[in-house]
Amino acid sequence: MNAIDILKLSPIVPVVVLDDADHAIPLAEALLEGGISIMEITLRSDAALASIERIAGRLPDMHVGAGTVLDAQQMLKVCDAGGQFSFSPGISDELLECAAKNSIPFIPGIATASEVMLAMRNDIQGCKLFPASAVGGIDLLKGFAGPFADMQFCPTGGISLDNMKDYLALPNVLCVGGSWIVPKQSVAAGDFGRITGLCREALALVS
């Protein structure tokens, strides 16, 4: 799969922070039950790589990868753990070269036209707009549509149930990323049924 294939898996990409790898499998199962087969586990905790490895090894129906990938070393560790893709909050030559050399689906974060152009020069067709609400959100994406008609986006940062439909209505948006669909308190409490319910609620709103 390439980056565009990844972004087409679901209109919503859960952005997940896991502090305990024991929560990885039940969380992934809850997302699958709710109709979402992709999850971005951010490298913001010591449990992230172990969580990716457990899900990749036990749940082939879940497409699991990493977020907050900041350098090539992290990208390779994600790949070694079984992660299928890497999201980054930014874009760099180091990450672009690593992804190309190792055939890793990579979705870089961008916030400016110059960064979109850098992505395009490296044959990237899908980018993460981050932090979406802070850098212009819907208006910026509308502005990008003219000069960058072939670029697709996954806006992340400030996305919620209240505004996701407005983003998804844009022709250059394939999906949105958000942490609201996986509340940390629900994961900590083992309330995975609530997460399944949030998935179903969001997907019903999209459809």
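Anyway, here's the lowdown on the structure attached to this text. (Residues numbered from 1 in each chain as written. Predicted model: local features only at pLDDT ≥ 70, side-chain atom pairs only at ≥ 80, totals over all residues. Heavy atoms only, no water.)

### Quick look at the sheet that holds strand β7 (residues 126-129)
Link 1 in the chain: Judged by pairing direction, the sheet is parallel, and its three strands sit side by side in the order β6-β7-β8 without closing on themselves. The sheet is open, and its two borders are formed by β6 (109-110) and β8 (152-153), each paired with just one other strand.
Link 2 in the chain: Here β6 pairs with β7 via two bridges, running parallel. For G109, the partnering residue across the bridge sits in β7 and is K128. (Pairing = 2+ DSSP bridges. Helix = DSSP H or I, 4+ residues; strand = E, 2+ residues; numbered from the N terminus.)

### Digging into the packing of aromatic side chains
What describes a pair of aromatic rings is the distance from one ring centre to the other and the angle between the planes of the rings.
Link 1 in the chain: All chains considered together, the criterion is met by three aromatic pairs.
Link 2 in the chain: Pairing F85 with F87 gives two aromatic rings, centres 5.6 Å apart and planes at 85°, and the pair type is edge-to-face. When sorted by exposure, F85 lands in the same class as F87, which is buried.
Link 3 in the chain: Here F144 and F148 contribute two aromatic rings whose centre-to-centre distance is 5.6 Å and whose plane-to-plane angle is 65°, an arrangement assigned as edge-to-face. With respect to class, F144 is no different from F148; both count as buried.
Link 4 in the chain: Through a chain of ring-to-ring contacts, the aromatic side chains of F144, F148 and F153 assemble into a single cluster.
Link 5 in the chain: Looking at K128, its charged tip hangs above the ring of F130, at a distance of 5.2 Å from the centre. (Phe/Tyr/Trp six-rings, centres within 6.5 Å; stacked < 30°, edge-to-face > 60°. Buried < 20%, exposed > 50% of the residue type's maximum accessible area, 1.4 Å probe, protein only. Lys NZ or Arg CZ within 6 Å of the ring centre and 35° of its normal.)

### Looking at the side chain of S186
Link 1 in the chain: Mapping S186 onto the fold places it in helix α10 (residues 184-189).
Link 2 in the chain: Separated by 3.0 Å, the side chains of S186 and R194 make a polar contact.
Link 3 in the chain: Sequence-distant contacts of S186, that is, excluding residues within four places in its chain, are made with D191, R194 and I195. (Polar contact = N/O pair within 3.5 Å; in protein donor to acceptor, adjacent residues only side chain to side chain. Contact = heavy atoms within 4.5 Å.)

### Examining the pairing of strand β2 (residues 38-42)
Link 1 in the chain: Along β2, five of the five residues are buried, which leaves the element largely enclosed by surrounding structure.
Link 2 in the chain: In β2, alternate side chains face the same way, and those of I38, E40 and T42 on one face and M39 and I41 on the other are all buried.
Link 3 in the chain: Note: strand β1 (residues 12-16) against β2, two bridges, orientation parallel. Considered in β2, the bridge of V16 is made with I41.
Link 4 in the chain: One crossover worth recording links β1 to the parallel β2 by way of helix α2 (residues 24-33), and it is right-handed.
Link 5 in the chain: Pairing between β2 and strand β3 (residues 63-67): five bridges, direction parallel. Paired with E40 across the strands is G65, a residue of β3.
Link 6 in the chain: A crossover connection joins β2 to the parallel β3 through helix α3 (residues 48-58); in handedness this β-α-β unit is right-handed. (Right-handed = clockwise from strand over helix to strand, strands pointing away.)

### Looking at the nonpolar core
Link 1 in the chain: L27, M39, I41, I55, I181 and I195 are the most contacted members of the largest nonpolar core, which has 72 residues in total.
Link 2 in the chain: Of all the elements, α2 adds the most residues to this core, at six residues. (Core = buried A, V, L, I, M, F, W, Y, C linked by side-chain atoms within 4.5 Å.)

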